[in-house]
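# Fold and geometry: a report
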Amino acid sequence: MATTWRYYAVPSGTEAVSGCNVVARFADFGHGRNGGGRRGIKADRLMLMRKLQLRQMKRSFSVRNVSSEQQQKLKDPTTQHEDVESLGHFDTFPPDASSIASSIKHHAEFTPLFSPDKFELPMAFFATAQSVRDALIINWNATYKCYERLNAKQAYYLSMEFLQGRALLNAIGNLGLTGAYAEALNKLGHNLEKIAAQEPDAALGNGGLGRLASCFLDSLATLNYPAWGYGLRYKYGLFKQRITKDGQEEVAEDWLEMSNPWEIVRNDVTYPIKFYGKVLTDSDGKKHWIGGEDIKAVAYDVPIPGYETKTTISLRLWSTKAPTGDLDLSVFNSGKHTQAAESLYNAEKICFVLYPGDESLEGKTLRLKQQYTLCSASLQDIIARFERRSGTKIKWEEFPEKVAVQMNDTHPTLCIPELMRILIDVKGLKWKEAWNITQRTMAYTNHTVLPEALEKWSLELMQKLLPRHVDIIEMIDEELIRTIVSEYGTADSKLLEKKLKQMRILENVELPAAFSDLLVKPKKSTVAVSTDVLGESEEEEEIEPIGGKIKSVKEFIKGKKKKIPEPVPEPPKLVRMANLCVVGGHAVNGVAAIHSEIVKDEVFNDFFQLWPEKFQNKTNGVTPRRWIRFCNPDLSKIITSWTGSEDWVLNTEKLSELRKFADNEDLQSQWRAAKRSNKLKVASLIKEKTGYIVSPDSMFDIQVKRIHEYKRQLLNILGIVYRYKMMKEMSASERKKKFVPRVCIFGGKAFATYVQAKRIVKFITDVGAVVNNDPEIGDLLKVIFVPDYNVSVAELLVPASELSQHISTAGMEASGTSNMKFAMNGCILIGTLDGANVEIRQEVGEDNFFLFGARANEIAGLRKERAKGKFVPDPRFEEVKKFVRSGVFGSSSYDEMLGSLEGNEGFGRADYFLVGKDFPDYIDCQAEVDEAYKDQKRWTRMSIMNTAGSYNFSSDRTIHEYARDIWNIKPVELP
């Protein structure tokens, strides 16, 4: 169906600025799958603007605020039914390259961020992005207007991370304008690919948590679900990673240095955020949180376009600042500049860095401030929108029927007490009503079984920073205690004590007064053990020492040195955020089948026994638009050709049709050519980033993910060291016969304070420096660490990958999503039965997955055996450690890193992640990989079967499940 652009002039007074009508236009798009009437907009508002300029019409332009302006008074949505089609037809233009080029040139001239001298790459990128944003704004405003009019239930996805990647190619791809923009830029003397490379990755996330959130937003928009994302606008991101001779070095991200062309600041959308202060109770029992530190959260909106649909949803990011009046001019002018601006700095630093170091009290305080800012600003915004859409009659009991809040991990947990605070203290609801609303609104996604990720906050810190919220949390904890006592009774005191210890939100905190006599406390011993306290007139109690002869206390301690026992420190009082999430929401989900079972059987077993209906599985997924269609165009063309259409981009079930062609020689030939083309791109990237030259004829073996001991990059690099050692012990002919050439590629960041992870990064780079410069080995083995791994790097590495390593200790990876991306792109996985690996192996076929390692149900037993000294390491594992310690990889000491793999007990010892246990199985499995790769027909068939079997790992499928089972929302398709 041919696409046309139709322009509409908004009647005067509707959205007029300075007497000028704002222009809106919409387009019909061809129908999509199942006759669903999917429509897209291929528009460029500046085309009309150029025509108007030619007519010498002076205009002022304004972008309609896609927001929840609490100040703006709107008509009651039940009576407001303005149809955009009634605005009147203005003119029609084709979406051609010439009009797009005119738009780009206009922005270069009239929306300048650079000197006008030369139209070079940075200027060309910003002008291009602003041109695309114009088209997005039209859809964005139409989407927002539709949601306002229909007042449908809307989902809100709160996450501390959104790992978006570059936006330009994704946006024009979703709009269907890739070809037109490429041609337009050619007319202007530029190349689309080089222009896109000018865009920095948005530094709003780090790993799978943030990338999943971004995939979800893409799917929500594509599937027309009413939803928004909420996050924080980090000025300096996590960090930019540099690799030096000393390993990883962290420097601040500079992604906002040249500004962000996609975001729109909403200066009229600000909310007050309070910290510290105190809570007062008035005569009628109402609580008031007063005093303290006040800042403002300001909204920055980023458009998220769907694929082949008008729907464009918002990612709203909060930035923080202090009121201007907080700058004390008198102090400033006296020369005390830092003191005068202290409150401004304290407010702004909240959004400086993602995951600031939290070893200090200041770091912990800053992290808690970040989490509360996200929760408070977002909920105030959501509530303002609910009130506005409700019109004159606000029924709070209907709030959960219009709002669904999803907490992405435990970071947004404070949403629960914050919603309670607003409903009770601000809106005047009673506790019971507010609690019912809160539980029906909130839902929680668990992403890990690792203790450090199940957040626990110091009660003392929270009491100081958020005193009103601690009041509310204490009351929720009391409600929970009441529920536990009601469920289990008081007859079995040991069972009740166990349940309370495991399930309470407050850890190491005395029971509330109402339950103070619930548990019988053990009597304290009256036996004195110090001569200082045992008087002559006191009765001597008798004790029986090991020898069996009864002695008095005095006789027992006579002649021995007096020992004053050290006082046992009281355990810290903590707030268990994960428990609060489970209690305060109506749904808890894991992110892979095996993970969800662990959540029910281990992590939250007591809660599962109490509320089994709350627990669900929602296996993660990734968007096929970014992760095949746009990042791997060569493979996309092949899939389209062999499946007969591009339907697979929206209906990934179509990928399964490739199975019947897996042995076809023509398909295999095309498949290998596409893979080699992608490998050539990565070879260029490696040379640019590291200086190393690699052969595209080698197997590309890739492990890219956050550096963590449980993800076992150490197992991978030790396996490579073993491979290198074996090669060095062979003749050249033996090496060539036994091993296939490999380029082993690592990427990922270690948190700045995670010392062991940073040791692993340094070790990988040290091994690479030796192996890559060994003339005897040559192209048989290369070890590459790609610095500053991000989404854009992944978009090159994933399509080029042939083997990908997902080798976490079984039972410790919640899901993983990079495994899905690799499988989609025809990469074969080597891995353990952990996370989504289990389901991927089932779908792609056991013969197309290299499996090794201990199973999740064996891990606890293996650790116990180790503690008893029963573990016997494989000789090859001992050889590798000895080889590393020989100094072959330089003068650095690796004793502390290797020491974590040795011993039977102790913190940071005893090989907690079972590297030594799985090492021999891993080495044997890697030998199977070599043999399979030698048979390229077999390998290519396996590759095709991985793509065909990945159909069920689209985030579209995941979002449909969330919408149906947790949020209860329906698609809203724009007219």
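What this report covers is the structure whose coordinates are included nearby. (Residues numbered from 1 in each chain as written. Predicted model: local features only at pLDDT ≥ 70, side-chain atom pairs only at ≥ 80, totals over all residues. Heavy atoms only, no water.)

Now for the pattern of salt bridges. Following the criterion strictly, the structure yields 59 salt bridges and no others. Between K749 and D788 there is a salt bridge, with the nearest N and O atoms lying 3.2 Å from each other. Taken together, the residues K749 in the loop between β23 (742-747) and α27 (755-771) and D788 in the loop between β24 (781-786) and α28 (791-800) connect sequence positions 39 residues apart. The exposure classification of K749 matches that of D788, with both residues buried. A cluster of three or more residues bridged by salt bridges with shared partners is formed by R266, D301, R316, D381 and R385. (Salt bridge = Lys/Arg side-chain N within 4 Å of Asp/Glu carboxyl O. Helix = DSSP H or I, 4+ residues; strand = E, 2+ residues; numbered from the N terminus. Buried < 20%, exposed > 50% of the residue type's maximum accessible area, 1.4 Å probe, protein only.)

Among the nonpolar cores identified, the biggest contains 157 residues, and W318, M462 and W967 are the most heavily contacted of them. Among the elements that take part in this core, helix α3 (residues 121-150) stands out by supplying 13 residues, more than any other. (Core = buried A, V, L, I, M, F, W, Y, C linked by side-chain atoms within 4.5 Å.)

Further remarks concern the sheet that holds strand β8 (residues 264-275). On the basis of which strands lie adjacent, the open sheet formed by 9 strands has the order β8-β11-β12-β5-β4-β13-β14-β20-β21 and mixed pairing. Of all strands in the sheet, those with a lone pairing partner are β8 and β21 (615-617), marking the two edges. Neighbour-to-neighbour, the strand axes of the sheet open up by a mean angle of 25°, direction not taken into account. The strands touched by helix α7 (residues 208-222) are β4 (154-158), β5 (227-232), β11 (293-305), β12 (312-321) and β13 (403-408); relative to β11, the strand with the most contacts, the crossing angle is about 55°. (Pairing = 2+ DSSP bridges. Axes fitted to C-alpha atoms, helices over the stretch in contact; angles between N-to-C directions. Contact = heavy atoms within 4.5 Å.)

Inspection of helix α32 (residues 875-885) places F877, V880, K881, F883 and V884 among the buried residues, and these make up the whole buried set. Looking down the long axis of α32, one finds its buried residues gathered within 160° of arc, a one-sided arrangement. α32 presents P875 and K882 as exposed residues on the side facing more than 90 degrees away from its buried surface. Backbone geometry just downstream of α32 places G887 in the positive-phi region, at approximately 95°. (Arc of directions from axis to C-beta.)

What follows concerns the environment of F615. Looking at the secondary structure, you find F615 in strand β21. Judged by its relative accessible area of 10%, F615 is buried. Taking the C-alpha atoms as reference points, F615 and Y444, 171 residues apart in sequence, are found 9.8 Å from one another. With sequence-adjacent residues up to four places away left out, F615 is seen in contact with V582, V588, V599, K600, F604, F607 and F608.

Next up on the list: the sheet that holds strand β19 (residues 574-576). Taken in spatial order, the 3 strands of this open sheet run β15-β19-β16, and their pairing is antiparallel. This sheet does not close on itself; its edge strands, each paired only once, are β15 (456-458) and β16 (506-507). Two elements, β15 and β19, share 3 bridges in a ladder whose sense is antiparallel. Across the sheet, the residue bridging to S458 is L574, located in β19. The strands touched by helix α19 (residues 577-584) are β15 and β19; relative to β19, the strand with the most contacts, the crossing angle is about 45°.

Before going further, it helps to examine the packing of aromatic side chains. Tallied over the full model, the rule gives 36 aromatic pairs. Seen in terms of ring centroids, Y724 and F883 are 6.4 Å apart; in terms of plane orientation they differ by 50°. Their pairing is tilted. One end of the pair, Y724, is in helix α25 (residues 713-728); the other, F883, is in helix α32, with 159 residues separating them in the sequence. The pair Y724 / F883 is uniform in exposure class, with both members buried. With centroids separated by 5.9 Å and ring planes inclined at 90°, the aromatic side chains of F883 and F889 adopt a geometry described as edge-to-face. Taken as a pair, F883 and F889 share a single burial class, namely buried. Through a chain of ring-to-ring contacts, three or more aromatic side chains come together here, namely Y144, Y156, W228, Y230, Y271 and W318. Stacked on the ring of F275, the Lys or Arg K369 has its end atom at 5.1 Å from the ring centre. (Phe/Tyr/Trp six-rings, centres within 6.5 Å; stacked < 30°, edge-to-face > 60°. Lys NZ or Arg CZ within 6 Å of the ring centre and 35° of its normal.)

This part is about the packing of helix α13 (residues 415-426) against helix α14 (residues 431-441). It is the contact of α13 with α14, at a shortest axis distance of 9 Å, that shows an interaxial angle of 140°. Classified by the angle between their axes, α13 and α14 sit oblique to one another. The two elements α13 and α14 cross, and the hand of that crossing is right-handed. Together, I416, L419, M420, L423 and I424 of α13 and W431, A434, W435, I437, T438 and T441 of α14 make up the contact between the two elements. Per-class residue counts for the contact of α13 with α14 are 9 nonpolar, 2 polar and no charged. (Parallel < 35°, antiparallel > 145°, perpendicular 65-115°, else oblique. Left-handed = near helix turned anticlockwise from the far one by under 90°. Nonpolar A, V, L, I, M, F, W, Y, C, P; charged D, E, K, R; others polar.)

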